[in-house]
Amino acid sequence: MAKLVPLLAVFFYLVCVSEAVFEDQVGKFDWRRQYVGKVLFASFDSPSQSSKKLFVATDKNIFASLNSRTGDLFWRHVDKMGPEGAVDTLLVNAQDALMVIGDGRLLRSWDTNVGGLNWEVVLDTGSFQAACFVGIQDTVKHVAVLKKTAISLHYLSNGHQKWVENLPDSDTVKYQAVYSGGGEEVFVLGMVPHSHLTITVYSLEDGEIIRQRSVEAPWLSSVESSCVVVGRGVLMCVDNYTQALYTLAIQAEDSPQFRQVLLQSLDLEVSQDFQPVLVSTQPHPARSPLPEFFLQLGPDHHILLQLSEDGSTIAPLRDFQPAFLVSFATTGEKTVAAVMAPKNTTDDLHCRSRCFADSGRRLLDTTVIFPLDANGGKPQKLYVHAFLKKDDSVGYRVLVQTEDHALTFIQQPGRVVWTREEALADVVTMEMVDLPLTGTQAELEGEFGKKADGLLPMVMKRLSSQVILLQAWMAHLWKLFYEARKPRSQIKNEVTIETLSRDEFNLQKMMVMVTASGKVRSPGVSRCSDEDKSLFGIDSKSGTILWKHYLENVQPNAAFKLIVQRTTAHFPHPPQCTLLIKDKDTGLATLHVFNPIFGRKSQISLPALPRPILQSLLLPVIDQDYAKCLLLVDDQYKVTAFPSTKNVMQQLQEMASSIFFYLVDSEQGTLSGFRLRKDLSSELIWEVVLPTEVQKIVAVKGKRPSEHVHSQGRVMGDRSVLYKYLNPNLLAVVTESTDTHPERAFVGMFLVDGVTGRIIHEAVQRKARGPIHFVHSENWVVYEYWNTKSRRNEFSVLELFEGTELYNSTVFSSLDRPHLPQVLQQSYIFPSPITTMEATLTEKGITSRHLLVGLPSGAILSLPKMFLDPRRPEVVNEHSREENLIPYAPEMPIRTEWFINYNQTISRLKGIYTAPSGLESTCLVVAYGLDIYQTRVYPSKQFDVLKDDYDYVLISSVLFALFFATMISKRLAEVKLLNRAWR
Amino acid sequence: MASGGPSFLLLSMVPTILLLCIDFACCNTGRRTSDGLDTDFTGFSVPLEHSFEVDDVSQFRVRGALQLRGGRETSVSLSQNQLSEEDRSTLKEVAAVDGLYRIRVPRVSLSADRQSDRPMDGFLTAFVRACSLVESHLSDVITLHTDVSGFLIGVSIVTIPGACRGTEVEDEVDLEAFNTTLNVIAPTNAPQPETALFIERMDMENEKRGKPQEQKSFFAKYWMYIVPLVLFLMMSGAQDQSGGGAGGGGANGGR
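For clarity, every value in this text was computed on a predicted model and none was experimentally measured.

> Whenever I open this one, the overall build of chain B confuses me. Can you help?
Along its length, chain B carries six helices and 10 strands. In chain B, which comprises 255 residues, the proportion classed as buried is 43%. Relative to all contacts within chain B whose residues are 6 or more apart in sequence, the contacts with residues 24 or more apart total 71%. Of the roughly 14000 Å² of accessible surface on chain B, 55% is carried by carbon and sulfur atoms.

See the structure below:
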């Protein structure tokens, strides 16, 4: 019972801050988009027209099923990140989808109907080479997995191992391929580079070696990349050096020999410096491959060839030039070969995918023409889904994967069914930009912006703009009236780039997202160089992608910084964003300047940046076009300004002595401060060195420049004011000890003034280690660490106060603030690890703050800052009760009502972005990771908004009733008075 | 501002914060240059250098010497020279053009055992506006920050008062000697979650309120209702006991 009393006190506080979504509000203000990442393997379900399933395995270690009609996810399995969960291969046969995971660590079988796991077996150690289905008499019952030193055969039904055999001479011979053509034999192909090829034939029954053959092949460097099996067990290889095709019957009993067919004899020639590629198809694992195959002779040159029945002659069937991509697909007895070619050579935006089926004699040739997005990348992969139509003809749909990881699904005759932007599975950084005003609003703004001449034109202009406003209002009313008659479901608010305009409370914004995914590590993918860097513009209300821009020629391993130089507030100047792309190795940087609303690249002359860039800072200095000045500091501490107009330069020279910046070198452990000189060079003015033998700098964070703090202090219980230490130049520097022993490890928190280099506070959290997540805002820093002694996650909060008197209440200057602030700190136990942390942000900073804590479960916890207050008292007294301080409790609660994303969990949460809206109570939140989730939060509830179910009728009828009541009673009183006077 | 002196560093104590541990603070007017150089202690001295140039190109000269004494109680004292006539005029000139007054100390370790290991190269620098130094009549506060192992990681200088109001300093005597307050600040230990105290408090509250209530049994609470009920049942049961017995007999007979 006694425990209840403090608990009750806490409960009452919770009642005032609790927030949750009502059931009917689900999806009203929030949306979630789920992604899978870059597709490595894709496979279609059964070859019928009605089948809707598409299976993909991606570089994010995900196996998913997509609805091929809509592009939505049926189900998705997210495996571990990193090489441990990497998908080596995906094989689909009827109801079973087989995956080898983690470089041959696991073999998994999934049920393709419901996405359930059939079975999983742990394979013997050894790096994975290849896998294939093994079937006899048209039924597939086994799967063979080839590793570097062994081959194993597993039952498809339960995963049990039928046999495992060590490969002979595996230290010299590289085994690279396994093949089964429907017989009782499993062929393993290995080779010694530039010497010979070995064929080892295993018995399907017991794994005994039936025979071993060695074939001279001095030209052969890799079986994997240059050989395929074609027709009835004929190994077809291509060699660039000798310009020839080589064929070999691998089933031959006697000692076989490679037969050379010179490309010249077929009138073919390989493009210069191009490694020719062979593409064949095996429609059913229990049957031998088709005799038709593609040979790629150049980047845009493919040729379809056919091997004759007896395997002796090769005949070209058709030449395709230009042709980017080729693919085979099979339905029933018919196989389709698809070729993607540009429509005409001058304009490669239209791609024509031509399919023709080879069914005996009949060749059918149909084309699908679809436009390629000019802002997207080039097509990279082609997947074809062929099916038999009702009239027994072959129909097909095409899935195209482009360089920017977008998936486009196309139907005959060229209709784009859906597009998935899989690059958004890897958002690096983002910004939110206000939408522009509507035409009428802009008109009104423009009136104030321009300097008119004389009184009369001004009046005329005012009148005309009022008329325009009236017109717009009438049109709006008419639309409201018109739409009110229609049932709600029919009203569709289609968002297009033309209709974009700011809403009443600025709740709808443009999300500019930068994506990048670099790590392509799967051994199955030959093209490892491709790097994906894209810019996306997304409507925050609906999640619609309004524009995208694919950045070409971006170095891998680049760092990004997105800067808003000009907002939409300066009509008629368009808003301007700058993306700073910095190569991590060389430090060289490039700028990409664009309009964030339309995504178009701006035609602004960019400064030349020949030297590595160390630091960039956005100054409040504004040029005549209202663009903020961006300063870029190079490795010689020289400063480049962008834009560098005369106006800006003049302002910079005037302000030079008050422009300070800092640099952090975490390898040397130095923090150094610089001051700008008039000639745009800079001088070192302070230096702080944290010896790297003891601790290393993990992160440095300043405050967000857009942050407003409404209240200068806190009113205490005795009515005095405790003033906050609001230093806009304060940096929070987090260090971790180099000693990782749990007893001696520590986490350091330094608060350093970025102008003077003065260490304001220096604290050490003993027996703690990272990863550290922290938020620095207003006058507080909240950080989370791992306590190595108690083995738990803990939160700690630091708050800085000036005391009960302000030193200089009008302006804050780092140069004139001699007294150190009071620092209060408290720590709490947090019962969960966290992945990321951010604080809510509102327009004027009146609303109380919440911390948005991303948990590994994918939930986002909205934790009131009230709970992280170092002034929470140990013992409750009169004053603390007056101040509404919650009594100290060492454990921080996690309440499920605080999860702002209810059941919409975000996989692999990476970052949270907050932005203020036009409403003081509302903060916009975007969480990104594998998924993207957007919502609104109301940390102090919606104090400035009437509720949805606000009863207008009741309140107005009460008002009217009261009004009439007063009228009537007044009348009655008058009559009564008159009567009394007569008496 | 008016409070001045070392007292401002003693932050007001609130139970939840662990105070900055100010190991030792020593004030020194620059006139006592020769004393303090006791030979018997195992300390060492490093130069404190300063620079103030009209053209803002730093040229560091020796301002004084920091006497560091290692051991369990690290102590630092400062002995410094007076400003020469020339320096005073330069300083005033620098102040007039709003130049900077910089100081620097070499990177050393305050704990003596480490000091001998190997001297680290490099300096720690800090600055203050020259005008505020002049206007405060050379009253400055120099703070040395160390990390957990005693290495010097940063130095800071502030003047009291810190503002530049443009008041002329006529008296040359005011600019002769530094009135320096020296502090050494080591990192504070951040608090751990206070579980022990919380549990103790819970137990105390339990003891205070919980005991008498919890020990009351159901019977003790409601005896006043139960006793009359039982009595009533007994009374009524006694009255028609014969009827009940007959009924029971009938039931037996029916079997």
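> Would you explain the UniProt feature "domain: ER membrane protein complex subunit 1 C-terminal" (unreviewed entry) in chain A in this entry?
Within the UniProt annotation, "domain: ER membrane protein complex subunit 1 C-terminal" (unreviewed entry) is assigned to residues 777-982 of chain A. The span residues 777-982 of chain A is 17% helix and 30% strand, and its two end C-alpha atoms sit 75 Å from each other.

> It is not clear to me how the nonpolar core should be interpreted in this structure. Could you clarify?
Note on soluble globular proteins: their nonpolar side chains tend to be buried together. In this structure, B:Leu66, B:Leu91, B:Tyr101, B:Ile103, B:Val105, B:Leu144 and B:Val155 are the most contacted members of the largest nonpolar core, which totals 36 residues. Per-element accounting of this core gives the leading share, four residues, to helix H3 (residues 130-135) of chain B. By size, the runner-up hydrophobic cluster in this structure holds 35 residues, among which are A:Trp31, A:Tyr35, A:Val36 and A:Ala42.

> How should I be thinking about the pairing of strand S40 (residues 589-594) of chain A in this particular structure?
Each regular strand displays side chains that alternate between the two surfaces of the sheet. Burial analysis of S40(A) places five of its six residues in the buried class, which makes it a mostly covered element. Here strand S39 (residues 576-583) of chain A folds back onto S40(A), and the loop between the two strands holds five residues, one of which, A:Gly587, carries a positive phi near 80°.

> For this particular structure, what's the right way to read a negative patch on the surface?
Residue and element names in this part refer to chain A. A grouping of Glu23, Asp24, Asp949 and Asp951 is seen on the molecular surface, where their side chains present a negatively charged patch. Examined against the element boundaries, Glu23 turns out to sit in the loop between helix H1 (4-17) and strand S1 (31-33). Overall, the relative accessible area of 74% leaves Glu23 in the exposed class.

> Mind showing me how you'd approach helix H1 (residues 85-96) of chain B here?
All names here are of chain B. Taking 1.5 Å per residue as the helical rise, H1 with its 12 residues ought to reach 16 Å, and the 17 Å between its terminal C-alpha atoms agrees with that figure. Of the residues making up H1, those classed as buried are Asp87, Arg88, Thr90, Leu91, Val94 and Ala95. Buried residues of H1, seen end-on, are gathered within an arc of 165° and therefore sit on one face of the element. Turned more than 90 degrees off the buried face of H1, the exposed positions are Glu85, Glu86 and Ala96. In this structure, the buried residues of H1 make contact with strand S3 (61-69), strand S5 (100-106) and H3. Taken from the residues just after H1, Asp98 is the one with a positive phi, measuring 55°.

> Is there a simple way to think about the environment of A:Ser265 in this case?
Residues and elements named next belong to chain A. Here Ser265 shows up in the loop between strand S21 (259-262) and strand S22 (277-280). On the basis of relative accessibility, which here comes to 55%, the residue Ser265 falls in the exposed class. Taking C-alpha positions, Ser265 is 9.2 Å from Ala244, a pair spaced 21 residues apart along the chain. Among the polar contacts listed, one links the side chain of Ser265 to the backbone oxygen of Leu262, at a separation of 2.5 Å.

> Please clarify how the interface of chain A and chain B should be interpreted in this entry.
Contacts between the two partners involve 58 residues from chain A, matched on the other side by 59 residues from chain B. Of the roughly 4900 Å² buried between chain A and chain B on both sides combined, carbon and sulfur atoms contribute 57%. Across the contact surface, chain A and chain B share one salt bridge. Between A:Glu683 and B:Arg102 there is a salt bridge, with its nearest N and O atoms 2.8 Å apart. One can count 16 residue pairs in polar contact (both at pLDDT 80 or more) joining chain A with chain B. When residues of the side of chain A that touches chain B are assigned to their parent elements, the largest contribution, eight residues, is made by strand S56 (residues 822-830) of chain A. In terms of residue class, the side of chain A that touches chain B is made up of 35 nonpolar, 10 polar and 13 charged. The pairing of strand S52 (residues 759-766) of chain A with strand S10 (residues 188-189) of chain B spans two bridges and is classified as parallel. Residue pairing across strands places A:Val764 opposite B:Asn189, the latter belonging to S10(B).

> I'm lost on the sheet that holds strand S7 (residues 96-101) of chain A in this one. Help?
Hydrogen bonds along the backbone pair up the strands of a sheet, which may run parallel or antiparallel. All names here are of chain A. As summarised here, the arrangement of the four strands in space is S6-S7-S8-S9, forming an open sheet in which the pairing is antiparallel. Strand pairing shows two members of the sheet lacking a second neighbour, strand S6 (87-93) and strand S9 (117-122), which therefore form its edges. Neighbour to neighbour, the strand axes of the sheet diverge by 15° on average, direction disregarded. Summarising the sheet, S7 and strand S8 (residues 106-111) pair through six bridges and their orientation is antiparallel. What sits directly across from Met99, in S8, is Arg108.

> Is there a simple way to think about the pattern of salt bridges in this case?
Residues and elements named next belong to chain A. According to the stated counting rule, one finds 35 salt bridges over all chains in the structure shown. Here Arg108 ties to Asp79 by a salt bridge, and the two come within 3.1 Å at their closest N and O atoms. Taken together, the positions of Arg108 in strand S8 and Asp79 in the loop between strand S5 (73-78) and S6 put the pair 29 residues apart, joining distant regions of the chain. For Asp739, the salt bridge goes to Arg744, with nearest N and O atoms at 2.7 Å. A relative accessible area of 29% means that Asp739 is categorised as partly exposed. One connected set of salt bridges, linked through shared partners, spans Arg714, Glu799, Lys865, Asp869, Arg871 and Glu883.

> Is there a simple way to think about the packing of aromatic side chains in this case?
To describe a pair of aromatic rings, you give the distance between the ring centres and the angle between the ring planes. Residue and element names in this part refer to chain A. Applying the stated criterion across every chain, the model contains 29 aromatic pairs over all chains. Ring plane angle 25° and centroid distance 5.8 Å describe the contact between Trp163 and Tyr202, whose orientation is recorded as stacked. Note that Trp163 is positioned in strand S13 (residues 161-166) and Tyr202 in strand S16 (residues 196-203), a separation of 39 residues in sequence. Arranged with centres 5.1 Å apart and planes meeting at 75°, the rings of Tyr950 and Tyr952 form a pair that is edge-to-face. Positioned over the ring face of Phe774 is Lys701, at 4.7 Å from the centre of the ring.

The rules behind these values
Residues numbered from 1 in each chain as written. Chains lettered and ligands numbered in written order. Predicted model: local features only at pLDDT ≥ 70, side-chain atom pairs only at ≥ 80, totals over all residues. Heavy atoms only, no water. Helix = DSSP H or I, 4+ residues; strand = E, 2+ residues; numbered from the N terminus. Buried < 20%, exposed > 50% of the residue type's maximum accessible area, 1.4 Å probe, protein only. Contact = heavy atoms within 4.5 Å. Areas by Shrake-Rupley, 256 points an atom, 1.4 Å probe, with all protein chains shown as cover. UniProt positions renumbered as here; feature names shortened; annotations may be inferred. Core = buried A, V, L, I, M, F, W, Y, C linked by side-chain atoms within 4.5 Å. Pairing = 2+ DSSP bridges. Patch = residues over 30% accessible without salt bridge, like charges linked within 9 Å, V, L, I, M, F, W, Y side chains within 5 Å. Salt bridge = Lys/Arg side-chain N within 4 Å of Asp/Glu carboxyl O. Lys, Arg positive; Asp, Glu negative; His and termini not counted. Charge placed at Lys NZ, Arg CZ, Asp CG, Glu CD. Expected span 1.5 Å × (residues − 1). Arc of directions from axis to C-beta. Polar contact = N/O pair within 3.5 Å; in protein donor to acceptor, adjacent residues only side chain to side chain. Buried area = accessible area lost by both parts, 1.4 Å probe. Nonpolar A, V, L, I, M, F, W, Y, C, P; charged D, E, K, R; others polar. Axes fitted to C-alpha atoms, helices over the stretch in contact; angles between N-to-C directions. Phe/Tyr/Trp six-rings, centres within 6.5 Å; stacked < 30°, edge-to-face > 60°. Lys NZ or Arg CZ within 6 Å of the ring centre and 35° of its normal.

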